[in-house]
Amino acid sequence: MATGRSTPATPSSGSAPRRTRGRGIPDATVARLPLYLRALTALSERSVPTVSSEELAAAAGVNSAKLRKDFSYLGSYGTRGVGYDVEYLVYQISRELGLTQDWPVVIVGIGNLGHALANYGGFASRGFRVAALLDADPALAGQTAAGLPVRHMDELEEIIRAEHVSIGVITTPPGAAQQVCDRLVAAGVTSILNFAPTVLSVPEGVDVRKVDLSIELQILAFHEQRKSGEEAGFDEERVPDGPPAVVSRAGAGATGGAKAVAAAAARAVSRRARGKAVPPAAGEAERGEDGELPAVMPA
């Protein structure tokens, strides 16, 4: 999930971590707090009284040192030999995330995804109340989803004022998302969750979180392709015959260069799979700082 701000979620090397407004908690820590809360809630439901940093870190999918650092921003350090009090941490993180109060939310765009979100039972249990469902299609007005009537977009500003809405969810087609965003912001909404596959432009002081399912699937496809390639393996002495020729003024010599790069890549993968270092052979392309061969991208 990406934010509407230009600041990255994790700081680059040598730069100070970006802090949230108020208590000075880094954004990267804030992004992990819901993971801790979900794990703690599961423990609470099983009546587990205390949990160690190692156990909680494993349940949240982070390392224990990072977890202890994150909790230090909350002023919670646990007890040596005992661990963390589960119920107190649930309260502490919920309070830090603002979940101890009611947050009215409007969902704009009641297609298949909008219907699914409206029916999602996790909103109410996590401090969010769906105040209204809105759509620009007059044919949808008056229909219901999750027990709520679908209202026309003409009522957006009135609903936001009456319900004191500060969070909007956009599930419209991409072409309509920016216009909806502009109306939400003009009406006073300062936080937007965007499911439309487009980048929204918002003024300073408005937070945007983007959920793009197609991008997440493409990333998974990349990893699946890499796993398939690793399982297939490479013959260290075999040079693939199929890499595309590099068009250059060198003519026939370019094909040989492409085969050399392919051979180097095959050797690197084969040796890396066996845990060996990969010394550069004569004429191999120079590696970058991360030790990988430079990629040849199609034009």
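Before reading on, note that the structure itself is shown above.
Report on the accompanying structure. Going along each chain's sequence as written, the residues are numbered from 1 onward. Local features in this predicted model are restricted to residues of pLDDT 70 or higher, and side-chain atom pairs are both shown and tallied only at a pLDDT of 80 or more, whereas totals for entire chains, interfaces and linings draw on every residue. With hydrogens and water stripped out, all remaining heavy atoms of the structure feed into the side-chain values.

1. Observations concerning the overall build of the protein chain
This is how the line gets drawn: The numbering of helices and of strands both runs from the N terminus, where a helix is a DSSP run of H or I of at least 4 residues and a strand a run of E of at least 2. Whether a residue is buried, partly exposed or exposed follows from its accessible area with a 1.4 Å probe, protein chains only, as a fraction of its type maximum: under 20%, in between, or over 50%, in that order. Residue contacts follow a heavy-atom distance rule, with two residues in contact if any of their heavy atoms lie within 4.5 Å. The Shrake-Rupley method, run with a 1.4 Å probe, gives the accessible areas here. Residue values count only the displayed protein chains as cover.
When helices and strands are tallied, the protein chain shows 10 helices and 10 strands. Looking at the protein chain as a whole, 32% of its 299 residues are labelled buried. In the protein chain, once contacts between residues fewer than 6 apart in sequence are set aside, the share between residues at least 24 apart is 53%. Total accessible area computed for the protein chain in this model is approximately 18,200 Å², and 55% of it derives from carbon and sulfur atoms.

2. What about the pairing of strand β4 (residues 103-108)?
Looking along a regular strand, one sees side chains alternate from face to face of the sheet. Heads up, the rule is: Any two strands are treated as partners once DSSP identifies two or more bridges connecting them.
Most of β4 sits out of view: 5 of its 6 residues are buried. Bridge count for β4 against strand β5 (residues 128-135) is 6 bridges, and the pairing is parallel. Following the sheet pairing, valine 105 is matched in β5 by valine 130. As defined by bridge partners, β4 adjoins strand β8 (residues 167-170) across 4 bridges and the pair is classed as parallel.

3. A short note on the packing of aromatic side chains
Keep this limit in mind: Put simply, two rings from Phe, Tyr or Trp (the six-membered ring, in Trp's case) pair if the centres are within 6.5 Å, and we call them stacked under 30 degrees between planes, edge-to-face over 60, tilted for the rest.
Applying the stated criterion across every chain, the model contains 3 aromatic pairs. Pairing tyrosine 36 with phenylalanine 71 gives two aromatic rings, centres 5.1 Å apart and planes at 75°, and the pair type is edge-to-face. Placement of tyrosine 36 in helix α1 (residues 27-45) and of phenylalanine 71 in helix α3 (residues 64-74) is noted, with a sequence separation of 35 residues between them. Each member of the pair, tyrosine 36 as well as phenylalanine 71, is classed as buried. For the ring pair phenylalanine 71 and tyrosine 84, a centre distance of 5.1 Å and an interplane angle of 85° mean the geometry is edge-to-face. Separated by 13 residues along the polypeptide, phenylalanine 71 in helix α3 and tyrosine 84 in strand β3 (residues 84-85) bring together distant segments of the chain. Using a relative accessible area of 5% as the deciding quantity, one classes tyrosine 84 as buried. Members of the aromatic cluster, each reached through a chain of ring pairs, are Tyr36, Phe71 and Tyr84.

4. A word on the side chain of lysine 210
Going by this rule: Two N or O atoms count as a polar contact when they lie within 3.5 Å, although within protein this holds only if one can serve as hydrogen donor and the other as acceptor, and sequence-adjacent residues are included solely when both atoms are side-chain atoms.
By the secondary structure assignment, lysine 210 is in strand β10 (residues 207-210). For lysine 210, the side chain forms a polar contact with the main-chain oxygen of alanine 196, separated by 2.8 Å. Within the structure, the side chain of lysine 210 is placed 3.3 Å from the backbone oxygen of threonine 198, a separation counted as a polar contact.

5. Section: the environment of lysine 69
Tracing the backbone through its elements, the reader meets lysine 69 in helix α3. Between the C-alpha atom of lysine 69 and that of threonine 29, which follows or precedes it by 40 residues, the distance is 8.8 Å.

6. Re the pattern of salt bridges
Where we set the bar: Any Lys or Arg side-chain nitrogen located within 4 Å of an Asp or Glu carboxyl oxygen qualifies as a salt bridge.
If you walk through the whole model with that rule in mind, you get 8 salt bridges. The salt bridge involving arginine 129 is made with aspartate 102; its shortest N-O contact spans 3.2 Å. With arginine 129 in strand β5 and aspartate 102 in the loop between α4 (86-96) and β4, this pair connects stretches of sequence that are 27 residues apart. Linking arginine 183 and glutamate 157 is a salt bridge whose minimum nitrogen-to-oxygen distance equals 2.9 Å. Taken as a pair, arginine 183 in helix α8 (residues 174-186) and glutamate 157 in helix α7 (residues 156-163) lie far apart in primary sequence, 26 residues in all. What makes arginine 183 partly exposed here is its relative accessible area of 25%. Of the residues examined, glutamate 157 reaches a relative accessible area of 25% and is grouped as partly exposed. Each of Asp102, Arg129 and Glu163 takes part in one network of salt bridges that share partners.

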